[in-house]
Amino acid sequence: MRRAGGAAVLLLLVLGAGARSQPEPVTVSVDRSRSTIETLREVVAGGSAAIASDGVARALRVETHWPPRSPRADALADELREAAAEALERAGGASEGGAELLLELSADDRELRVALVPREAEVSWWRAFFFRPARARHWRLPLDAELRTFIDRRPAASRSALEVRSARLPASGYLAVGTTDAHTGQPPLLILVDGSSVSLFRTSDGRAGRARLTAVGRAERPSGSAPGVGARRAFATLTLEGPSVVVQWRDRIEGYRLRWAPLRLEPISDRQCPELAHRWPDACAEPVDGRDYFASALLPREGRPPPRTAPSSFYARWRGFVRRSDGSVADVEAVVNPRGRLVASTDGRAIGLQGHGSALGAGDLDADGLVELLVSGPVEQPERDTLELLRLQADGGLRRLWSQEVPGRVAVAGAGDLDGDGVPALFAIAEEGERSTLWMVGGPQ
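A quick note: this is a predicted structure, and the numbers were derived from the prediction, not measured.

A. Just the packing of aromatic side chains, in detail. Under the definition given, this model contains 6 aromatic pairs. Ring centres of Trp249 and Tyr256 lie 5.8 Å apart, and the angle between their planes is 70 degrees; this geometry places the pair in the edge-to-face category. Here the two residues Trp249 and Tyr256 agree in accessibility, since each one is buried. Ring plane angle 80 degrees and centroid distance 5.6 Å describe the contact between Trp280 and Phe314, whose orientation is recorded as edge-to-face. With Trp280 in the loop between strand E15 (278–279) and strand E16 (284–285) and Phe314 in the loop between E16 and strand E17 (316–323), the pair connects residues that are 34 residues apart, well separated along the chain. When sorted by exposure, Trp280 lands in the same class as Phe314, which is buried.

B. Here's a closer look at the side chain of Arg279. Structurally, Arg279 can be placed in strand E15. Within polar-contact distance, the side chain of Arg279 engages the side chain of Glu241 at 3.1 Å. When sequence neighbours within four positions are dropped, the list of residues in contact with Arg279 reads Thr239, Glu241, Val246, Gln248, Arg257, Ile268, Asp270, Arg271, Gln272, Cys273 and Arg301.

C. Representation of the pattern of salt bridges. Taken as a whole and assessed by the stated rule, the structure comprises 36 salt bridges. For Arg58, the salt bridge identified is with Asp54, shortest N-O distance 2.7 Å. Note on accessibility: Arg58 and Asp54 belong to one class, buried. One salt bridge connects Arg257 with Asp270, and the closest N-O pair in it is separated by 3.2 Å. Residue Arg257 is found in strand E13 (residues 255–259), and its partner Asp270 is found in the loop between strand E14 (264–267) and E15; the two are separated by 13 residues along the sequence. Residues joined by salt bridges that share partners form a network here, namely Asp282, Arg308, Arg317, Arg319, Asp331 and Glu333.

D. Region of interest: helix H3 (residues 73–91). For H3, spanning 19 residues, the distance from its first C-alpha to its last is 27 Å, which sits close to the expected 27 Å at 1.5 Å a residue. What H3 keeps buried is the set Ala73, Leu76, Ala77, Leu80, Ala83, Ala84, Ala87 and Leu88. Across the axial projection of H3, the buried residues extend over an arc of 130 degrees, all falling on one side. Summarising the geometry of H3, the exposed residues directed more than 90 degrees from the buried face are Asp74, Glu89 and Arg90. Against the buried residues of H3 lie helix H2 (36–52), strand E2 (58–65), strand E3 (99–107) and strand E4 (111–118). In the segment just after H3, Gly92 is the residue with positive phi, at about 75 degrees.

Rules behind the numbers
- Residues numbered from 1 in each chain as written.
- Predicted model: local features only at pLDDT ≥ 70, side-chain atom pairs only at ≥ 80, totals over all residues.
- Heavy atoms only, no water.
- Phe/Tyr/Trp six-rings, centres within 6.5 Å; stacked < 30°, edge-to-face > 60°.
- Buried < 20%, exposed > 50% of the residue type's maximum accessible area, 1.4 Å probe, protein only.
- Helix = DSSP H or I, 4+ residues; strand = E, 2+ residues; numbered from the N terminus.
- Polar contact = N/O pair within 3.5 Å; in protein donor to acceptor, adjacent residues only side chain to side chain.
- Contact = heavy atoms within 4.5 Å.
- Salt bridge = Lys/Arg side-chain N within 4 Å of Asp/Glu carboxyl O.
- Expected span 1.5 Å × (residues − 1).
- Arc of directions from axis to C-beta.

Next up, the structure:
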């Protein structure tokens, strides 16, 4: 019996040692105040030092798997090889003839993958058994503009390189559009908000610039209390907060969170904004009484620092931090205001352009560190409208990339990642009587 118990303990120790050695893939969060390359060097150095702490001397080997078009991949590999070698040297774990430490680097057009894999073949069995074995470490990073200069120089968004598609929508009266985050291993879904529900669709390619929309589910808006203040136009906001989707209507006090299995809308219990204020990722915005737009004075979300004032009162707003190809980060904000003006601000430097409507979609379509803006024209002829794609240049100027006249009136636009590659598409909805068309503008593939 004692011998059997000892064997069981021995088996558990062996299994435990094997379990500890399993890799743990981690998506690296890049601090917007630091270069992505600096963050990568720190991650690789920290992992190498942790592996060297087991006291086993290791020889470093680097293996790379880059896309064929990678312009400066070797320079990136050298940066990370140097970080790993320096960390091993400082930790006393560097050796020409020791056990191997493999630094494996690979990428596709979506992400960079980094792995540190210690090879224990030359380590004595008693050391591997009685001491905690070094485990492999795996990291993933979405390709931002800085990484793309090394790995994957995607073509810049231009009139000839854009992918513009349209799809007929099943109804009208839409108030907001966006996407979900990738859910349960599936690509993101398109979200459409109307006055009484939230609908989800899966998109696929169609013929000659058309797209197919397949209905996935629909969540009815629960009953709720009205704010007691009317507005000239119904509107709603849609905010993506990680895997969570928050929807708010102007004619309801409550905000709602989209829940899965079963698909439903639940009133928000963790209210982070004052009553009647709508949630943005960085702030809360209050609708102006009796109007169909928001005040420029933004309010802080609970537990966060006070936000700066928006460039103007606004129908729609976007703010984000984009990393440029030189590693610098730009703070970009854009609004369309009730006076028909688009105001775009880069690091506090604002520029305005007259002659636009209430629709605004924004995002970096080609991952080059410059933001593209999809805007509508002034609402004077409701039977026809104009969509324009503008690029916000590094110096703060605006450049027109594309424009197209579309049937119907465009009052709603948005942005979101439709295929899970981390690069957004821009959307706009044109409504012509009881008919609606969704326009989708994507960057070069």
